[in-house]
Amino acid sequence: MQEGIEQYIMEVVPSSECEAKGVDSFVALGDEGYEHSVAEEVEAPVVLDDGKEGYVDFDLSQYIGGGVVEPTLGMEFTSEDDARNFYNAYAKQTGFSIRVNSYYRSKKDNSIISREFCCSKEGFRRERHAKKDSGEDAKRRRARALTREGCKALMTVRRRDCGRWYVAKLEKNHNHELVTPAMRHFLRSHKQDFAPEKSCSNSFSSPGLSLDAPVDVLTDCSSFGKMEFAVQSNVNYIGRGRLSTFGIDAQSLLGFFKIMQASDPAFYYAIQVDEEERLSSVFWVDTRSRIAYNCFSDVVAFDTTYQVNQYKMPFATFTGVNHHKHSVLFGCALLADETESTFSWLFTTWLEAMSGRQPGLIITDYDPAISRAVQQVFPQSSHRYCKWHIISKMPKELGHVYSVTPRTFQVEFDRCINKSETPDAFESTWQMLLDKYNLRGNNWLQSLYIDRKLWVPVYMRDTFFAGMYAAQRSGSVNSLFDGYVNSGTTLQDFAEQYEKALDERYEKEAKAEFETFYTKPVLKTPLPVEKQGADIYTRNMFTIFQDEVFESLLFAVKLSAEDGGTSSYEVSRFDEEHKTYFVVFNIAEQLASCSCKMFEFEGILCRHVLAVFKATNVFTLPQCYILKRWTRNAKEEVMLDLLPCVELQANSQKSRNLQYNILYQEAIKCAEEGMASDQIFKVALNALREARVKIVGAKRNAMKSMPQN
């Protein structure tokens, strides 16, 4: 391999003998004896020239980005394929994709004597594509995103008479952002190189870290995030009944925690033991989940519907949604039971792991034990019930009605819950259902009615749910572990399934980040507000906003009343004049409110308000209607908001946990940004080293200033 590397380095250094021949004998393109041929839309795959004698196959990318090799004018290659492989490896390390843009052939023997490799964002989409993705067709399908931005970056290689190829033209500058390392495998010319690294759960068979071998993780309580409890070496924590299986598999699960903490210093887990010091419940959360919670703690769903192993042990999850409207995990647990004391322990432990930051809204199952624990541990949070959980319990709670008229009752119940547009409409329909199906004596329905303002949509339109309120499991984030965990999953298999589910979610988020930053959506209208939305929202959220902008063009706006600086409007579709929405707008303060409450409920401005904005010459979104948790820079913005919280909690354990999360995320950003180019890599490395020296110096000074005993 070393011999092959030396050969490669020699090959990219200009050969004086070939250069002497090539420069004199090379005929300029377009001169007599050559013809020009252009090939567009051709991606550049990596070609391995296995047929060459003495060729050694190795990864060129290892020589890029660490200050070893960048393309330069005059650089030589033994073949066209070598040049293409080199430029593709350089592009991968830098953060862009390449395409074969054009080539020239010789009229003498028709052989290719020049190749141009360009950034895949070169040029612009052809007019026929633009027309195809606009107009009436845009109503029926989503237009293909734009990837061309007129980038000028390229490398042109030409063949000398001696057969070698050299860089004749080079442009390194791009007119767009380069992608981070986490997104590079989504670039088209690098997809075939992607080989996902094995997750922690797939590494359990490595020497010294086997799940099958006994692991004494209980004797070391010095690591970050662990909760200390009584130590008993080499003991299986076996309880009674269904806990016996948990006890038998406990070493496997604790081994999983040990491995996770070895690779993630901020991995947090806690263990609950019973009065006889036997393991009963466990909770854990990794660093990525803790960072995600710092950014998206406004809405949290707590779900206990998953069950693991034949004893149906509850698997509880804390989930939320990120700025792409994807489900994210905020921590999970295996519980001994579903009592108020267990839920209180879990909520308290989870809150400690999250630096004491209470959720804005917590959504739970309709369960008295959970409700009491929420009131006790989360007094500052709003509490609502999950509609899907409630509906899923109907067959059990209303067995006689369900067995006689299942379809009819479901349709009417759904109409009552989801179609009632006013509280009065819900009240009358609910009473009608009770009478029609003789359900006035049903205690479960009576309890639901008392708590109707905590789960019926018409009462909650002013509550922000971030899209987590759904009647179907598939439409909610509760489905995060569907397909991975079920009642047949043993604890020995659980760790691997857990890792697979999370890896899929993080890959999905990385893909959404890539599409947001690397491509541009096709606009449907010439309205400035749509262009503004495309620039600020993530791609998924812009898709929702774009639909609202497009639909706003179909609404008529009628001024109905004026009171000082506030105007009231009636808004209705041209083809649905009987259905009217009411918008109140203060043009001086740029504040509007619609009867549909979409902004309050989902955080995206509705088509009705947008129609009023257009009618009153408001062409861009006021800042108050740009919810930053849906923007492409949501994580950066929210992290800045946490700094005052850290200062208020100075010197507390909660503050230290939060500080670690912030520093960890900033370090990751430095690493990702630092890989943009060789020069930026050096800048990032020097900056990090200087920062570490300053931090160590500050620590030493702080220790010197401490009073001596």
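Worth saying up front: this structure is predicted, and the values here are computed from it rather than measured.

Rules used in this analysis
- Residues numbered from 1 in each chain as written.
- Predicted model: local features only at pLDDT ≥ 70, side-chain atom pairs only at ≥ 80, totals over all residues.
- Heavy atoms only, no water.
- Salt bridge = Lys/Arg side-chain N within 4 Å of Asp/Glu carboxyl O.
- Helix = DSSP H or I, 4+ residues; strand = E, 2+ residues; numbered from the N terminus.
- pLDDT = per-residue confidence, 0-100.
- Contact = heavy atoms within 4.5 Å.
- Pairing = 2+ DSSP bridges.
- Axes fitted to C-alpha atoms, helices over the stretch in contact; angles between N-to-C directions.
- Buried < 20%, exposed > 50% of the residue type's maximum accessible area, 1.4 Å probe, protein only.
- Polar contact = N/O pair within 3.5 Å; in protein donor to acceptor, adjacent residues only side chain to side chain.
- Core = buried A, V, L, I, M, F, W, Y, C linked by side-chain atoms within 4.5 Å.
- Parallel < 35°, antiparallel > 145°, perpendicular 65-115°, else oblique.
- Left-handed = near helix turned anticlockwise from the far one by under 90°.
- Nonpolar A, V, L, I, M, F, W, Y, C, P; charged D, E, K, R; others polar.

What to know about the pattern of salt bridges
Right, on to step 1. Here the structure, examined in full by the defined rule, presents 22 salt bridges.
Right, on to step 2. Between Lys393 and Asp365 there is a salt bridge, with the nearest N and O atoms lying 3.2 Å from each other. Residue Lys393 is located in the loop between α11 (387-392) and α12 (394-397), and its partner Asp365 is located in the loop between β12 (361-364) and α10 (368-377); the two are separated by 28 residues in the primary sequence.
Right, on to step 3. Glu551 is paired through a salt bridge with Arg573; the nearest N and O atoms lie 3.0 Å apart. Here the residue Glu551 occupies a position in helix α19 (residues 539-552), and Arg573 occupies one in strand β15 (residues 566-573), the gap between them amounting to 22 residues.
Right, on to step 4. Residues joined by salt bridges that share partners form a network here, namely Glu548, Glu551, Arg573, Asp575 and Arg607.

Examining the confidence of the model for the protein
Right, on to step 1. Residues at a pLDDT of 70 or more form 71% of the protein, whose mean pLDDT is 75.
Right, on to step 2. The low-confidence segment residues 640-650 (pLDDT under 50) makes 15 contacts with residues lying over four places distant or belonging to another chain.

Considerations on unusual backbone geometry
Right, on to step 1. Non-glycine residue Lys325 carries a positive phi angle of around 65°.
Right, on to step 2. Despite not being glycine, Lys597 shows a phi value in the positive range, around 60°.
Right, on to step 3. By secondary structure assignment, the location of Lys597 is in the loop between β17 (591-594) and α20 (598-602).

Structural notes on the sheet that holds β15
Right, on to step 1. Taken together, the four strands give an open sheet; going across it, the order is β14-β15-β16-β17, and neighbouring strands pair in antiparallel fashion. One side of each edge strand has no neighbouring strand; the edge strands of this open sheet are β14 (555-563) and β17. Neighbour-to-neighbour, the strand axes of the sheet open up by a mean angle of 25°, direction not taken into account.
Right, on to step 2. Judged from the eight bridges that link them, β14 and β15 form a sheet pairing that is antiparallel. Note on β15: the bridge partner recorded for Ala556 is Ser572.

As for α10
Right, on to step 1. Regarding α10, the residues found buried are Ala369, Ile370, Ser371, Ala373, Val374 and Val377.
Right, on to step 2. The residue sitting at the N-terminus of α10 and contributing the capping side-chain oxygen is Asp367; that oxygen lies 2.9 Å from the backbone nitrogen of Ala369.

Comments concerning the side chain of Glu80
Right, on to step 1. Along the chain, Glu80 falls in helix α3 (residues 80-94).
Right, on to step 2. Setting aside its immediate chain neighbours within four residues, Glu80 contacts Ile112, Arg115, Phe117 and Trp165.

Concerning the nonpolar core
Right, on to step 1. One finds Phe409, Trp430, Trp455, Phe545 and Phe613 to be the most contacted residues of the largest nonpolar core, which totals 69 residues.
Right, on to step 2. At five residues, helix α21 (residues 607-615) tops the list of elements feeding residues into this core.
Right, on to step 3. Among all residues touching Phe613, those that are not within four sequence positions of it are Phe585, Ala592, Leu605, Val618, Pro622 and Tyr625.
Right, on to step 4. Listed in part, the 32 residues of the second largest apolar core include Tyr293, Leu346, Ile370 and Val377.

Details of the packing of helix α9 (residues 340-353) against α10
Right, on to step 1. At a minimum axis distance of 8 Å, the contact between α9 and α10 shows a crossing angle of 40°. On the basis of the axis angle, α9 is oblique to α10. Considering only the axes of α9 and α10, their crossing is right-handed. Residues Glu340, Phe343, Ser344, Phe347, Thr348 and Leu351 of α9 pack against Ala369, Ile370, Arg372, Ala373, Val374, Gln376 and Val377 of α10.
Right, on to step 2. For the contact of α9 with α10, the per-class residue count stands at eight nonpolar, three polar and two charged.

Considerations on the pairing of strand β16 (residues 576-586)
Right, on to step 1. Pairing of β15 with β16, which is carried by seven bridges, proceeds in the antiparallel orientation. Among the inter-strand pairings, Thr566 is bridged to a residue of β16, identified as Asn586.
Right, on to step 2. Connecting β15 to the next strand, β16, in antiparallel fashion are two residues.
Right, on to step 3. Relative to β17, β16 runs antiparallel, the two being bridged by four bridges. Looking at β17, one finds that Val584 is bridged to Ser593.
Right, on to step 4. Joining the antiparallel neighbours β16 and β17 is a turn of four residues, in which Gln590 adopts a positive phi near 55°.

A closer look at the environment of Ile113
Right, on to step 1. Position of Ile113 relative to the elements: it lies in strand β4 (residues 112-119).
Right, on to step 2. Residue Ile113 is classed as buried on the basis of its relative accessible area of 3%.

A few points about the side chain of Ser572
Right, on to step 1. If you trace the backbone, Ser572 turns up in strand β15.
Right, on to step 2. Here Ser572 is in contact with Leu554, Phe555, Ala556, Glu577, Lys579 and Thr580, once residues within four sequence places are set aside.

Some remarks on helix α8 (residues 287-295)
Right, on to step 1. With eight of nine residues buried, α8 is to be regarded as a mostly interior element.
Right, on to step 2. Restricting attention to buried positions, one finds in α8 the residues Thr287, Ser289, Arg290, Ile291, Ala292, Tyr293, Asn294 and Cys295.

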